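Okay, here's what each chain looks like letter by letter:
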Amino acid sequence: MTRSLLKSSVNVKSPDFEKNSRRIIDLLTQLKNEEEHIRQGGGAKAIEAQHKKGRLTARERIAKLIDPSSSFFELGIYAAYEMYEEWGGAPSAGTVTGLARVCGRLFMIIGNDATVKAGAFFPMTAKKVIRAQNIAIDNHIPTIYLVDSAGVFLPLQEDVFPDTDDFGRVFRNNAVMSAMGIPQITAIMGMCVAGGAYLPVMCDHILMTEGSGLFLAGPALVQAAIGQKSSAEELGGAKMHAQISGTVDFREPDDDACIARIRTLVDKMGAPDPSPFSHAASREPLYPGEEIYGIFSGDPGKQYDMREIIARIVDASEFEEYRAEYGETLLCGYARIGGWAVGIVANQKKHVQTLARGSDQKRMEFGGVIYTESAEKAARFILDCNQNRVPLIFLHDVNGFMVGKDAEWSGIIRAGAKMVNAVANSVVPKITVICGGSFGAGNYAMCGKAYDPRFMFAWPTARFAVMSGDAAAGTLVEIKLKQMEREGKKLSEKDKKDLHESVRATYEHQTDPRYAAARLWVDAIIDPAHTRDALITALEAAALNPDIREFKTGVLQT
């Protein structure tokens, strides 16, 4: 069988390589320090208070639950980053979510962090739990809930309680997952009150530790509502629910015993259905992933070859490139990652000299821009992947679609619509990695968040918005100046420059991947060198869902 081996021509001694490496390593160092701070939850005093109750923290529970030889792939660690500061903040939105193996089987794990406002649900807490559940639903991932929550954060109840992506959706998802046959296990390891009490009772197995509480209304509220006095233990303790209400399946003395019981239950679960996707033995790339640091350039004025990135992600650095000489600003091709067959759609950041459409005139196509030919190629490739049950990987570094008279005459809108249609209606798993820029409609065509990727990851160098910071600042300042002129005001050159910098700084802050991760627009900010590992985990999760619906696109503009 003929294979296309990607050969590397990277000079690891070059100044550009070293400069690029330093930049990414500095960003990663900053992120790792921030993440370590986030992992402290409510802080040392809150952790000590949790231990005094004889309980572990959420992260300690997860560490004991998962297989010793495995790691916890955390999702949403930046949720609520720099938000709710008037309430003291909510690190990681007061909950921990992610993927890990328990008794060799991949699980979604959702644990309330009781060190953050007693595990209360802020608006982003509900959205984070729902996002984790939606990942579990899309990929048929069995789920374990470690419950330790005081319920809704009452000062913000109007933003937590009523909408389709708020608190009630959590329990709706419990019911939907159960109906789909997705296993769910809940361990009540602290408080579980008010509406939150429905979560465990809608799961397959319910465990509860001594000293925990499960009730629709706590003792104080019961006394205020109906005048009845009772202790928390009498009202909704583990013994009562095990012996009288019959609500819990297993009563355990402490966290350690409860975690051990969960593992015994998982050990006896039935096997998952076979995957519909092609899988072979995994082979390592020929080049180290750490070299991505030096290859990638976040400088909009610099070029790099996206094939060099792909060579460090795919098995054996083999990439069967589709229509390699056509629409060259988008790379499309087949490969394997961790043994899983995939189709890759990636923005090429090298400028390309080609012939103008319909003539023999040479023209330059700019890297990172989607032209008519590249959009048509990608649309056709995406159709092929759906026809042949091949999951899709999208690697973003896109400025958007080409504009101007030549582009419009070539039918760029029609070609772009064709690509967006193919992405929107894809039935195979889609996984997105934002490496650099992801601007405008290019974000949509490359399977941005609005197009339902199973997972969405970002590098620390990621930037995404309607347009770049400089372009946005220039546009917004021009509008502001015209408005002021109409009011008879005139700014000095210094004032204009200050206004431009102010607008640009605000816009740049909003394009930072942490800003996006805080709002769950991305599931995780990943180390570029670990992109392959993240994709393998995502593909293993996607393979758990054997159902692929019929592929239809509706009307395609041809």
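Note: the structure precedes this text.
First things first, this report covers the structure right here in the doc. Along each chain, residues carry numbers from 1 onward, in the same order as the chain's sequence is written. Where totals are concerned, whole chains, interfaces and linings use all residues; where local detail is concerned, this predicted model gives features only for residues with pLDDT of at least 70, and gives and counts side-chain atom pairs only at 80 or more. Computation of side-chain values: all heavy atoms of the structure, hydrogens and water removed.

A tally of helices and strands in the chain yields 20 helices and 20 strands. Radius of gyration here is computed from C-alpha atoms only, and the compact-globule reference equals 2.2 Å multiplied by the residue count raised to the power 0.38. For 558 residues, the compact-globule estimate of 2.2 N^0.38 gives 24 Å, and the C-alpha radius of gyration of the chain, at 26 Å, lies within 12% of that figure. Its C-alpha atoms give the chain principal-axis dimensions of about 85 × 70 × 50 Å. Categorising residues by exposure relies on relative accessible area from a 1.4 Å probe, with only protein chains included: less than 20% of the type maximum marks a residue as buried, more than 50% marks it as exposed, and the intermediate range marks it as partly exposed. A total of 558 residues make up the chain; the buried ones form 53% of that total. In the chain, the proportion of contacts linking residues at least 24 apart, taken out of those at least 6 apart, comes to 74%. Accessibility throughout is a Shrake-Rupley quantity obtained with a 1.4 Å probe, and a residue counts as covered only by protein chains that appear here. When the accessible area of the chain is evaluated, it comes to approximately 24,900 Å², of which 52% is carbon and sulfur surface. Here the positive residues are Lys and Arg and the negative ones are Asp and Glu; neither His nor the chain ends is included. Note on charges: their place is set at NZ of Lys, CZ of Arg, CG of Asp or CD of Glu. Placing the 64 positive and 69 negative side-chain charges of the chain at their respective mean positions leaves the two points 2 Å apart. We count a stretch as a helix when DSSP gives it H or I for four or more residues in a row; a strand needs E for two or more, and each element gets its number in order from the N terminus. Whether two residues touch is decided by their heavy atoms; if any such pair falls within 4.5 Å, the residues are in contact.

For Leu539, the location among the structural elements is in helix 20 (residues 531-542). Looking at Leu539, the relative accessible area reads 4%, which means it is buried. Not counting residues within four places of it along the chain, the set of residues in contact with Leu539 comprises Ile337, Trp340, Val342, Pro391, Ile393 and Ile431.

Here the focus is the pattern of salt bridges. When a carboxyl oxygen of Asp or Glu lies within 4 Å of a side-chain nitrogen of Lys or Arg, that pair is called a salt bridge. On inspection of all chains with the given rule, the structure shows 28 salt bridges. Between Glu540 and Arg101 there is a salt bridge, and its shortest N-O distance comes to 3.1 Å. Of this pair, Glu540 sits in helix 20 while Arg101 sits in strand 2 (residues 95-102); the two residues are 439 residues apart in sequence, bridging distant segments of the chain. Notably, a salt bridge pairs Glu318 with Arg283, separated by 3.0 Å at the nearest N-O pair. One end of the pair, Glu318, is in the loop between helix 12 (306-311) and strand 9 (320-321); the other, Arg283, is in the loop between helix 10 (255-267) and helix 11 (292-295), and 35 residues separate them in sequence.

Burial runs high along strand 15 (residues 392-398): seven of the seven residues are buried. Judged by which residues are buried, strand 15 turns out to be covered on both faces: Leu392, Phe394, His396 and Val398 on one side and Ile393, Leu395 and Asp397 on the other are all buried. Strand pairing is assigned whenever DSSP identifies at least 2 bridges connecting the two strands. By the bridge criterion, four bridges tie strand 11 (residues 340-347) to strand 15 in an arrangement that is parallel. Counted as the bridge partner of Ile344 is Ile393 from strand 15.

What follows concerns the packing of helix 13 (residues 372-387) against helix 15 (residues 412-424). If you want to describe how two helices pack, look at the angle between their axes and the distance between the axes. Viewed as axis vectors pointing N to C, helix 13 and helix 15 meet at an angle of 25 degrees, and their least axial separation amounts to 8 Å. Between helix 13 and helix 15, the interaxial angle falls into the category roughly parallel. Classified by chirality, the crossing of helix 15 by helix 13 is left-handed. Within the contact between the two elements, helix 13 uses Thr372, Ala375, Glu376, Ala378, Ala379, Ile382 and Leu383 and helix 15 uses Ile412, Ala415, Gly416, Lys418, Met419, Ala422 and Val423. An axis is simply a line fitted to the C-alpha atoms; with a helix, the fit covers only the stretch in contact. Between two such axes, the angle follows the N-to-C directions and lies from 0 to 180 degrees. Convention used here: angles under 35 degrees read as roughly parallel, angles over 145 as roughly antiparallel, angles from 65 to 115 as roughly perpendicular, and any remaining angle as oblique. What makes a crossing left-handed is the near helix being turned counterclockwise from the far one by less than a right angle; a clockwise turn instead makes it right-handed.

As a further point, take the pairing of strand 5 (residues 184-193). Counting buried positions along strand 5 yields nine of ten residues, so the element is predominantly enclosed. As paired elements, strand 4 (residues 143-149) and strand 5 share six bridges and run parallel to each other. Bridge pairing in strand 5 places Tyr145 opposite Thr186. The path from the first strand over the helix to the second decides the hand: if it runs clockwise while the strands point away from the viewer, the crossover is right-handed. Handedness of the strand 4-helix 5 (residues 167-180)-strand 5 crossover: right-handed.

We now examine the packing of aromatic side chains. When we look at a pair of aromatic rings, we describe it by the centre distance and by the angle of the planes. Between rings of Phe, Tyr and Trp, where Trp is taken as its six-membered ring, a pair exists when centres lie within 6.5 Å; planes separated by under 30 degrees are stacked, by over 60 edge-to-face, and by other angles tilted. One pass over the full model with this rule turns up 15 aromatic pairs. Arranged with centres 5.7 Å apart and planes meeting at 55 degrees, the rings of Phe73 and Phe457 form a pair that is tilted. Here Phe73 is found in strand 1 (residues 73-75), whereas its partner Phe457 is found in strand 18 (residues 455-458), with 384 residues between them in sequence. As far as burial versus exposure is concerned, Phe73 and Phe457 are alike and both buried. Each ring, one from Tyr84 and one from Phe122, has its centre 4.9 Å from the other, and the planes form 40 degrees; the classification is tilted. Here Phe122 lies in the loop between strand 3 (105-112) and helix 4 (123-139) and Tyr84 lies in the loop between strand 1 and strand 2, a separation of 38 residues in the sequence.

A few words on the side chain of Ser297. For Ser297, the position within the fold is in the loop between helix 11 and helix 12. N or O atoms within 3.5 Å of each other form a polar contact, as long as, within protein, one can give a hydrogen and the other can take it, and as long as residues adjacent in sequence are counted only when both atoms are side-chain atoms. One polar contact links the side chain of Ser297 to the main-chain amide nitrogen of Asp299, over a distance of 3.3 Å. Leave out the neighbours within four places in its chain, and Ser297 touches Asn20, Lys302, Tyr304 and Asp397.

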